[in-house]
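Chain by chain, the residues run as shown.
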Amino acid sequence: MSIPVTQRAVVVERVGGPEVLEYRTDYAVPEPAEGQVLVKNEISGINYIDTYFRTGIYPSPKPEILGREAAGTVVALGPKTEEFNLKVGDRVIWLADAGYAEYSAVPAAKTLKLPDGISYEDATASFMSGLTVLALAKETYTVQPGDWVLLHAAAGGAGFLMTQLLKHIGAKVIGTVGGPEKVELVKSLGADHVIDYRSDEGKDWIKTVMDITGGRGVDVVYDSVGKDTWEGSLAVVKRKGTIVWFGNSSGPTPPLSLNRLASKCVKIARPTLFGYIATREEFEGYANELFSLLASGELKVKVHGLYSLSEIKQAHIDLEGRKTTGKILLKVSE
């Protein structure tokens, strides 16, 4: 396969809003360094974490190409990649950086062959989010059948998968969402209770959660919203319960005094996916479990929309405006 010298990509030169996403057609194609493979991307994932790097909530060097995952075809191998059994022509999915581009040079250690029967779209719609929710439910807090779980943003990219996984485990799920359409979507996934925090009834979601649990509170809260929900999450978690903060879609949580946790002996976790998949064994283990759930149909994906690279600004506007359900993707190839 002939590899071009330049490519289409989205470049961020400075922090800011969606306006800093610059669509380019003349960006240099990288060469794979030692331990890297060059992938011609077909579908790239858009994740909320991308907005954190764009806005500077998570500092990162600029200029940069955003995007933490993509699926495509290996077109070149760098030195010292033999141990990962990858070859030119393999269909793969990867986790790294610079996914908003036609070509990405990525670590072979974080690149996996895609099983037959799993499309680029389904893989990318579930990969980073799917690995995240598996780690959250298996390691951050080990969910047990019968546990009461409060899941904020239950209709989002991670929430859509998390709701299904929690019900697969046998938990009792309370989801919070914004809007009646999202309520119906999350109910269709099997959630036991769904609260529309935008409705008159749902505005007092703290009381609703406590009523549902008979005043006991929930065993665990999974909170990717942050600033708007952190006080309520502390209020509804049970004595000796756990709160898992794994996102900041409404803004970061403010500094938290440890004394706030004392009265109910609450445990707090602030995990990131890459802390759970640091080794190849961990990475493959969670990925294989995800692929198995997808292949069996026990985990279904939902793609909100497929945007072209040139539509990246609108994609970020839609994501931050909470207008999406499920995952939004970039169609990278022409």
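Residues numbered from 1 in each chain as written. Predicted model: local features only at pLDDT ≥ 70, side-chain atom pairs only at ≥ 80, totals over all residues. Heavy atoms only, no water.

The name given to the protein in an unreviewed UniProt entry is Probable quinone oxidoreductase, with the source organism recorded as Triangularia setosa.

1. Examining the overall build of the protein
Tallying secondary structure elements over the protein gives 8 helices and 15 strands in all. The C-alpha radius of gyration of the protein comes to 20 Å, within 12% of the 20 Å expected for a compact globule of 334 residues. Projected onto its principal axes, the C-alpha coordinates of the protein cover approximately 65 × 40 × 35 Å. The 334 residues of the protein split such that 55% are buried. Carbon and sulfur atoms provide 52% of the accessible area of the protein, an area that totals close to 14200 Å². In the protein, 37 side chains carry a positive charge and 41 a negative one; their mean positions are 5 Å apart. (Helix = DSSP H or I, 4+ residues; strand = E, 2+ residues; numbered from the N terminus. Rg over C-alpha atoms; globule rule 2.2 N^0.38 Å. Buried < 20%, exposed > 50% of the residue type's maximum accessible area, 1.4 Å probe, protein only. Areas by Shrake-Rupley, 256 points an atom, 1.4 Å probe, with all protein chains shown as cover. Lys, Arg positive; Asp, Glu negative; His and termini not counted. Charge placed at Lys NZ, Arg CZ, Asp CG, Glu CD.)

2. A few points about the sheet that holds strand E13 (residues 267-269)
Taken in spatial order, the 6 strands make up an open sheet running E10-E9-E8-E11-E12-E13, and their pairing is parallel. In this open sheet, the two edge strands, each paired with only one partner strand, are strand E10 (193-196) and E13. Here the strands of the sheet are splayed against their neighbours by 15 degrees on average, with no regard to which way each runs. Where helix H4 (residues 180-188) meets the sheet, its contacts fall on strand E9 (172-177) and E10, and the angle it forms with E10 comes to roughly 170 degrees. Against the sheet, helix H5 (residues 205-212) engages strand E8 (148-151), E9, E10 and strand E11 (218-223), with an angle of about 165 degrees to E10. (Pairing = 2+ DSSP bridges. Axes fitted to C-alpha atoms, helices over the stretch in contact; angles between N-to-C directions. Contact = heavy atoms within 4.5 Å.)

3. Here's the deal with the pattern of salt bridges
Between side chains of opposite charge, a pair can form as their charged atoms come close. Scanning the entire structure with this criterion turns up 19 salt bridges. Measuring nitrogen to oxygen at the nearest pair gives 3.1 Å for the salt bridge that ties glutamate 289 to lysine 138. With glutamate 289 in helix H7 (residues 280-296) and lysine 138 in helix H2 (residues 120-140), the pair connects residues that are 151 residues apart, well separated along the chain. Salt bridges sharing partners connect three or more residues here, namely Lys87, Asp90 and Lys113. (Salt bridge = Lys/Arg side-chain N within 4 Å of Asp/Glu carboxyl O.)

4. Looking at unusual backbone geometry
Going from lysine 62 to proline 63, the amide bond is cis rather than trans, its omega being 0 degrees. Within the fold, proline 63 resides in the loop between helix H1 (48-55) and strand E4 (69-77). Positive phi outside glycine occurs at asparagine 85, with the angle close to 55 degrees. Mapped onto the elements of the fold, asparagine 85 is located in the loop between E4 and strand E5 (91-95).

5. A few points about the pairing of E10
Summarising the sheet, E9 and E10 pair through 4 bridges and their orientation is parallel. Opposite valine 177, over in E10, you have aspartate 196 as the bridge partner. Regarding the hand of the β-α-β motif, the stretch spanning E9, H4 and E10 is right-handed. (Right-handed = clockwise from strand over helix to strand, strands pointing away.)

6. Section: helix H3 (residues 157-169)
Over its 13 residues, H3 extends 19 Å from the first C-alpha to the last, a length consistent with the 18 Å expected when each residue adds 1.5 Å. Within the span of H3, buried status applies to Gly159, Phe160, Leu161, Met162, Thr163, Gln164, Leu165, Leu166 and Ile169. Residues of H3 that are buried sit in contact with H2, E8, E9, H4, E11 and H7. Of the residues flanking the end of H3, it is glycine 170, one or two places downstream, whose phi is positive at about 110 degrees. (Expected span 1.5 Å × (residues − 1).)

7. A few points about the packing of H1 against helix H8 (residues 312-320)
H8 packs onto H1 with a crossing angle of 110 degrees between their chain directions and a minimal axis gap of 10 Å. When the interaxial angle is binned, H1 and H8 end up roughly perpendicular. Two secondary-structure elements touch here, H1 through Tyr48, Asp50, Thr51 and Arg54 and H8 through His316, Leu319 and Glu320. Of the residues contributing to the contact of H1 with H8, the split by class is 2 nonpolar, 2 polar and 3 charged. (Parallel < 35°, antiparallel > 145°, perpendicular 65-115°, else oblique. Nonpolar A, V, L, I, M, F, W, Y, C, P; charged D, E, K, R; others polar.)

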